[in-house]
Amino acid sequence: MAKKVQTPETDILVESKGKIETFFDKFGNKLMWGLVAVTVIAVGIFIWYNYSESKQEELNLNAQTEFIELQNQQMMDVAADDATYAASYVAIAEKYEGATVVPMCYYMAGVLYLQAGDLDSAKANLDKVTEIEGDYGQLINATVLKLQGDIAVEQKDYQTAVSYFEDALEVSANADIYGDVAIKLGLTYEALGEGNKAQEVYEKAIEEYPSLQNVMAEFIK
C-alpha cells in the first residue's frame with residue numbers, strides 16, 4: 001500500500017482545518033447565538049418599520065380629523081375671532097408635528113392672522129408652509145407666495161414684495177391667481193418707479209392667459 005506523501009500544501013490544509021475546527025469548538029455556540037441575535041434585530045427593525053408606518057397613518061388621521069373639526073366649527077361660528085382660530089390651527093400643527101396636514105394648518109393660521117391684521121404672526125406662519133404637492137398644492141403654494149408679497153407691501157418692503165410676487169407667478173397654474181399676482185406685481189413695480197417693468201408684467205399675463213386681456217386692459221398704457 002502506497003504511503004501517503006505529506007506535501008507542504010497538505011500540511012497547510014491540515015493545519016488550517018485544525019485551526020478552523022478548534023475555532024468552532026471554542027466559539028461555535030457563540031456564533032450561533034450571534035446569528036440568532038442578528039436575526040432577532042432584523043425582525044425587530046422590520047416590525048418597528050411597519051409599526052412606525054402604522055403610527056404615521058394614525059398621526060395623519062388624528063391630525064386631519066381635528067383639522068376638519070376645527071374648520072367646521074369655524075364655518076359655523078358667525079362671530080369667529082380670526083386670531084383665536086389661527087392659534088387653534090397652530091396648536092394642531094404643533095401637536096401633530098410631521099403629519100401631512102401640518103402645512104395646511106400653518107397656511108390657515110397665516111391667512112387668519114393676516115385677516116386679523118397681525119402681519120408678523122401671519123408671516124411667521126406662512127414661512128412654515130412647506131411646499132405641497134399636487135394640483136391643489138400648487139394652488140396653495142402660489143397663494144402663500146402671494147400673501148407673503150401682500151405682507152411685504154403692507155410693510156412697504158417693495159423689493160421683497162417683488163421677489164415673492166415673481167415667485168408666485170412662476171408657481172401659479174391658475175388664471176385667476178396669475179392675474180391677481182400680475183396686477184400686484186405691476187403696481188409694486190410702479191411704486192418703485194419702474195413703469196416699464198410693470199407694463200411687461202401686464203403684457204406677459206395676457207400672453208400666458210389670453211382670458212386676462214380685459215382685466216389687464218385697465219393697467220396697460
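Note that the structure is a prediction, hence the values are computed from the model and not measured.

Scoring rules and cut-offs
- Residues numbered from 1 in each chain as written.
- Predicted model: local features only at pLDDT ≥ 70, side-chain atom pairs only at ≥ 80, totals over all residues.
- Heavy atoms only, no water.
- Salt bridge = Lys/Arg side-chain N within 4 Å of Asp/Glu carboxyl O.
- Helix = DSSP H or I, 4+ residues; strand = E, 2+ residues; numbered from the N terminus.
- Buried < 20%, exposed > 50% of the residue type's maximum accessible area, 1.4 Å probe, protein only.
- Contact = heavy atoms within 4.5 Å.
- Phe/Tyr/Trp six-rings, centres within 6.5 Å; stacked < 30°, edge-to-face > 60°.
- Core = buried A, V, L, I, M, F, W, Y, C linked by side-chain atoms within 4.5 Å.
- Expected span 1.5 Å × (residues − 1).
- Polar contact = N/O pair within 3.5 Å; in protein donor to acceptor, adjacent residues only side chain to side chain.
- Patch = residues over 30% accessible without salt bridge, like charges linked within 9 Å, V, L, I, M, F, W, Y side chains within 5 Å.
- Areas by Shrake-Rupley, 256 points an atom, 1.4 Å probe, with all protein chains shown as cover.
- Lys, Arg positive; Asp, Glu negative; His and termini not counted.
- Charge placed at Lys NZ, Arg CZ, Asp CG, Glu CD.
- Arc of directions from axis to C-beta.

(A) Fine view of the pattern of salt bridges. For the structure on display, the rule yields seven salt bridges. The partner of Lys146 in a salt bridge is Asp180, with the nearest N and O atoms 2.9 Å apart. Separated by 34 residues along the polypeptide, Lys146 in helix H5 (residues 134–154) and Asp180 in helix H7 (residues 175–191) bring together distant segments of the chain. Given the relative accessible area of 27%, Asp180 is considered partly exposed. Lys197 is paired through a salt bridge with Glu194; the nearest N and O atoms lie 3.1 Å apart. For Glu194, a relative accessible area of 24% gives the class partly exposed.

(B) Structural detail: the side chain of Asn60. Here Asn60 lies in helix H1 (residues 8–76). Excluding residues within four positions of it along the chain, Asn60 makes contact with Gly98, Ala99 and Thr100.

(C) Molecular detail of the packing of aromatic side chains. Summed over all chains, the structure comprises three aromatic pairs. Here the aromatic rings of Tyr178 and Tyr209 are separated by 5.3 Å at their centres, their planes lie at 55°, and the arrangement is tilted. Linking Tyr178 in helix H7 with Tyr209 in the loop between helix H8 (195–208) and helix H9 (213–217), this pair joins segments that are 31 residues apart in sequence. On the accessibility criterion, Tyr178 (5% relative accessible area) is buried.

(D) Summary view of the nonpolar core. Ranked by size, the top nonpolar core spans 30 residues in total, and within it Phe67, Tyr89, Met104 and Tyr107 carry the most contacts. Counting residues per element, this core draws most heavily on helix H3 (residues 102–115), at ten residues. When sequence neighbours within four positions are dropped, the list of residues in contact with Tyr107 reads Leu126, Val129, Ile140, Thr143, Val144 and Leu147. Counting 25 residues, the second-largest nonpolar core is a separate cluster that includes Val181, Tyr189, Tyr209 and Phe219.

(E) Region of the structure containing H7. The terminal C-alpha atoms of H7, which comprises 17 residues, lie 24 Å apart, in line with the 24 Å expected from a rise of 1.5 Å per residue. Taken as a whole, H7 has its buried residues at Ile177, Tyr178, Gly179, Val181, Ala182, Ile183, Leu185, Gly186, Thr188 and Tyr189. Capping the start of H7 is the job of one residue whose side-chain oxygen sits 2.9 Å from the backbone nitrogen of Asp176: Asn174. In the segment just after H7, Gly193 is the residue with positive phi, at about 80°.

(F) Spotlight on a negative patch on the surface. A cluster of acidic residues, Glu166, Asp167, Glu170, Glu200, Glu203, Glu207 and Glu208, forms a negative patch at the surface. Those elements that provide at least two residues to the negative patch are helix H6 (158–171) and H8. Tallying contributions element by element places H8 first for the negative patch, with four residues. On the secondary structure map, Glu170 appears in helix H6. For Glu170, a relative accessible area of 64% puts it in the exposed group.

(G) Spatial organisation of H8. The end-to-end C-alpha separation of H8 is 20 Å, in line with the 20 Å expected for 14 residues at 1.5 Å each. Residues of H8 that are buried: Ala198, Gln199, Val201, Tyr202, Ala205 and Ile206. Along the axis of H8, the buried residues cluster in a sector spanning 155°; they form a single face. Turned more than 90 degrees from where H8 packs its buried face, Asn196, Glu200 and Glu207 sit exposed. In this structure, the buried residues of H8 make contact with H7 and H9.

(H) Summary view of the environment of Lys123. Relative to the assigned elements, Lys123 resides in helix H4 (residues 119–126). Judged by relative accessible area, which is 29%, Lys123 ranks as partly exposed. Sequence spacing of Lys123 and Gln148 is 25 residues, and the spatial spacing of their C-alpha atoms is 6.5 Å. Here Asp127 takes part through its side chain, which lies 2.9 Å from a polar atom of the side chain of Lys123.

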